[in-house]
Number of protein chains: 2
Amino acid sequence: MKVKDIGEQGLLERLQRFCPAEIIGDDAAVISSSPEQSLVVTTDMLVDGVHFSDATTSPEDVGWRSTAANLSDLAAMGARPLGITVALGLPGEVPVEWVERLYKGMDECLKLHQTPIVGGDVCRSPVITVSITAFGEVEPNQTIYRNTAQVGDAIAITGFHGASRAGLELLIHPEIGQNLSDRDRSFLIQAHQRPKPRLDVLPILQEILAGDVGKAKRAFNSEFRIPNSEFPISGMDSSDGLADAIVQICQMSGVGARIDRDRIPIPPALSDLVTAEQAVEWALYGGEDFELVLCLPQQPAEARIEHLGEGAAIIGEITAELEIILCDRTNKNPDRILSRDRGFQHF
Amino acid sequence: MKVKDIGEQGLLERLQRFCPAEIIGDDAAVISSSPEQSLVVTTDMLVDGVHFSDATTSPEDVGWRSTAANLSDLAAMGARPLGITVALGLPGEVPVEWVERLYKGMDECLKLHQTPIVGGDVCRSPVITVSITAFGEVEPNQTIYRNTAQVGDAIAITGFHGASRAGLELLIHPEIGQNLSDRDRSFLIQAHQRPKPRLDVLPILQEILAGDVGKAKRAFNSEFRIPNSEFPISGMDSSDGLADAIVQICQMSGVGARIDRDRIPIPPALSDLVTAEQAVEWALYGGEDFELVLCLPQQPAEARIEHLGEGAAIIGEITAELEIILCDRTNKNPDRILSRDRGFQHF
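Definitions and cut-offs
- Residues numbered from 1 in each chain as written.
- Chains lettered and ligands numbered in written order.
- Predicted model: local features only at pLDDT ≥ 70, side-chain atom pairs only at ≥ 80, totals over all residues.
- Heavy atoms only, no water.
- Helix = DSSP H or I, 4+ residues; strand = E, 2+ residues; numbered from the N terminus.
- Buried < 20%, exposed > 50% of the residue type's maximum accessible area, 1.4 Å probe, protein only.
- Contact = heavy atoms within 4.5 Å.
- Areas by Shrake-Rupley, 256 points an atom, 1.4 Å probe, with all protein chains shown as cover.
- Lys, Arg positive; Asp, Glu negative; His and termini not counted.
- Charge placed at Lys NZ, Arg CZ, Asp CG, Glu CD.
- Domains from an automatic or database assignment.
- Buried area = accessible area lost by both parts, 1.4 Å probe.
- Least-squares fit on C-alpha atoms with pLDDT ≥ 70 in both.
- Polar contact = N/O pair within 3.5 Å; in protein donor to acceptor, adjacent residues only side chain to side chain.
- Salt bridge = Lys/Arg side-chain N within 4 Å of Asp/Glu carboxyl O.
- Pairing = 2+ DSSP bridges.
- Axes fitted to C-alpha atoms, helices over the stretch in contact; angles between N-to-C directions.
- Parallel < 35°, antiparallel > 145°, perpendicular 65-115°, else oblique.
- Nonpolar A, V, L, I, M, F, W, Y, C, P; charged D, E, K, R; others polar.

(A) Structural detail: the overall build of chain A. The helix and strand inventory of chain A stands at 10 helices and 12 strands. When the backbone C-alpha atoms are referred to their principal axes, chain A occupies close to 65 × 50 × 45 Å. With 347 residues in all, chain A has 59% of them scored as buried. Here the contacts in chain A between residues at least 6 apart in sequence split such that 82% fall between residues at least 24 apart. Looking at chain A as shown, the accessible area adds up to about 14,300 Å², and 50% of this sits on carbon and sulfur atoms. Across chain A, the 30 positively charged side chains and the 51 negatively charged ones have centroids separated by 1 Å.

In structure tokens form, the structure reads like this:
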């Protein structure tokens, strides 16, 4: 049996036997190093020809995107970044300038979040390989897990989806963008090349917690003598696609969801590029938008959704039925059950 | 200009411009996350055909050695391990069993140090690539840096050197080991395949600190009003060779060293394998022995050297002259100046 026969998920399931059960299966690992702060760690490997190519990605963009992906995993846990390490595998023929431009891209992304590169390794390899590990910290009772979504929670997403996939398409087939304004074309391509980790959302989530939802939850827990350890916001990032994020949250929380097709925020520019049907597919399965998918009580979600960013929207609700149903309030499309099947598999 | 034109050191010097100056150049990065504990992070990448091959290394051994190398970097900083992450690049054709055996080897090494695998990534790659990041913690005032060796310090090493290089030679050319006993052959091969990170040394170093040296240093600092922040033990591990470690410590501390050739602990089995001259070369430049090279005051070094492990020895002294001189008290060999030139360069 070969790796390609069982795919990424099959392999991960086998390897998880070697890991402690309680720290597996989220955007990043949480290690309780002290009562005040947990250490949060995440790692990613990118390979030339698999995850990037000179055709669509400059070395600066490879640096930016790989860094942004890791910082996004920290954001998805509610964690502030402390630093990253970078391990590089390089063929001897790679121009030094290429490597410096890679680091320049990383540095540009990191600077926005006051995060240092704290160490690394370089070694010879037949293929350019970039392995980044990011670590951050979060208060134990403010950690955002995937498996704590509650029936009745609003499903809030922090921005547009489908933009990154559209940007990639414009890079591969520039001719399809002839009807787009320069501004729209640039917006979509930037979404692909320079995605923004949503660390800016964390202070707003803390406000929400400090406000009514936190108080209500604490009062409720206190009245029913429930230990006040459960954070009322669950979620993950949408790096592998919006559908993948919703399905994973639901599966791990033992709940289902109803998603309103017409509330999914699609970048306006997409209507000049593809059909509405295609745009929804890209939003659900395109991936790499690096927004956060958050489940939290309805009232604070509605009160603060506009603060979460351009395009932020409540797109549905967590349900007790285990299915994840994409429904159309206008009845133009039949209900559809979402699955991870079309998500990105790495082998 | 290509990566191969400037080599590993040249490339690292260019990339260090992107990193904060104060956290570069040790076995691992130290991040002051709290006044009580610093976070220590180190990362390594291993590539099939460059760092390991099926000819000399089983997948279990690749797993063990890559894990041991990272834990050794933590030991070299004085840090207790908290966990590791593993990023794997794999061709689809790799047998699943190979990957599981890799993890088994990691797990065997980690279990000895109660350290979990806390997360990872798997992705497609044309070449098997293993990238490990290890993190640990250490009290800020007990961190072992490379750049604090003091003139007059004893240079203590925690065990035999040259064994790993000899073991590699036995794996590549089994015929040269015909004169060895099974026990000696096994010892040398194990040294290569299953090196032991010297985390066991840390409690002994803490004893030394709690004892006379710590008190004397504190009294001295107190008398002369020197802030008591400097830890009286400096050092690093000998993963890139004993000579490399001594030279790096001296260069970073602005000191030199005199090393007694006949005090370098060579495994007795080597005398049945190669000339004394060759054995010293392997001890100095063979690499991958993963012992610690420690500089500390003479008196506690002499008092505790036997506790540091089999083969542990004081091999010389830190000097004010900047050269690192290998001398022979028996006058059989002329003095020789050690340099890193013959150390392992990865391109």
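On we go from here.
(B) Molecular detail of the domain arrangement of chain A. All names here are of chain A. Splitting chain A by domain gives domain 1 (3-131) and domain 2 (144-337). Each of domain 1 and domain 2 has a C-alpha centre, and these two points are 23 Å apart. Tallying the contact residues gives 24 residues for domain 1 and 22 residues for domain 2. Carbon and sulfur atoms make up 52% of the surface buried where domain 1 meets domain 2, a total of about 2,100 Å² over both sides.

(C) Examining the relation of the copies chain B and chain A more closely. Expressed as a screw operation, the relation of chain B to chain A combines 0.0 Å of axial shift with a rotation of 180°, fitting to an RMSD of 0.0 Å. Such a combination of turn and shift is consistent with a two-fold rotation axis. Taken as a fraction of all interface residues of chain B, those also at the interface in chain A reach 100%, which identifies the copy contact as same-surface.

(D) Highlighting the environment of H192(A). All names here are of chain A. Assignment of secondary structure puts H192 in helix 5 (residues 182-193). Counting along the chain gives 27 residues from H192 to R165, while the straight-line C-alpha distance between them is 6.9 Å. Sequence-distant contacts of H192, that is, excluding residues within four places in its chain, are made with R65, S164, G167, L168, L171 and E288. Engagement of the side chain of H192 in a polar contact is seen with the side chain of S164, the distance being 3.3 Å.

(E) Geometry of the interface of chain B and chain A. At the interface, 63 residues of chain B touch 63 residues of chain A. Buried area between chain B and chain A, both sides added, is near 5,400 Å², and the carbon and sulfur share of it is 71%. Counting the surface chain B buries against chain A, the share from its top three residues, F18(B), M45(B) and R124(B), is 12%. The interface formed by chain B and chain A contains 8 salt bridges.

(F) Quick peek at the pairing of strand 11 (residues 324-327) of chain A. Residue and element names in this part refer to chain A. Across the two faces of strand 11 the burial is the same, with I324 and L326 and I325 and C327 all buried. Examined bridge by bridge, strand 8 (residues 256-260) and strand 11 share 4 bridges and lie parallel to one another. Residue pairing for strand 11: R258 is matched across the bridge by I325. Examined bridge by bridge, strand 11 and strand 12 (residues 336-337) share 2 bridges and lie antiparallel to one another. Counted as the bridge partner of I325 is I337 from strand 12.

(G) Local environment of the pattern of salt bridges. Residue and element names in this part refer to chain B. For the coordinates displayed, the defined rule picks out 42 salt bridges over all chains. When the shortest N-O distance is used, the salt bridge between E288 and R65 registers 2.0 Å. Of this pair, E288 sits in the loop between helix 9 (276-285) and strand 9 (292-296) while R65 sits in helix 2 (residues 59-77), placing them 223 residues apart in sequence. As a salt-bridge pair, D262 and R329 come within 3.5 Å of each other at their nearest N and O atoms.

(H) Inspection of the packing of helix 4 (residues 163-172) of chain A against helix 5 of chain A at higher detail. Residue and element names in this part refer to chain A. Across the interface, helix 4 lies against helix 5 with an axial gap of 7 Å and an inter-helix angle of 105°. In terms of axis orientation, helix 4 runs roughly perpendicular to helix 5. For the pair helix 4 and helix 5, contact is made by A163, S164, A166, G167, L168, L170 and L171 and by R185, F187, L188, I189, A191, H192 and Q193, respectively. Counted by class, the contact of helix 4 with helix 5 contains 9 nonpolar, 4 polar and 1 charged residues.

(I) Layout of the sheet that holds strand 5 (residues 129-138) of chain B. Residue and element names in this part refer to chain B. Read across the open sheet, the 5 strands follow the order 1-2-5-3-4; overall the sheet is mixed. Two strands close off the open sheet at either side, each with one partner strand: strand 1 (29-31) and strand 4 (117-124). Between one strand axis and the next, the sheet turns by 20° as a mean value, whatever way the strands run.

(J) Layout of the environment of E306(A). All names here are of chain A. Take E306: it is sitting in the loop between helix 10 (298-304) and strand 10 (313-319). Residue E306 is classed as exposed on the basis of its relative accessible area, which comes to 72%. Sequence spacing of E306 and V127 is 179 residues, and the spatial spacing of their C-alpha atoms is 44 Å.

(K) How the structure looks around the side chain of T67(A). Residue and element names in this part refer to chain A. Looking at the secondary structure, you find T67 in helix 2 (residues 59-77). Judged by relative accessible area, which is 0%, T67 ranks as buried. When neighbours within four sequence positions are excluded, T67 is seen to be in contact with I84, M106, C109, L110 and I132.

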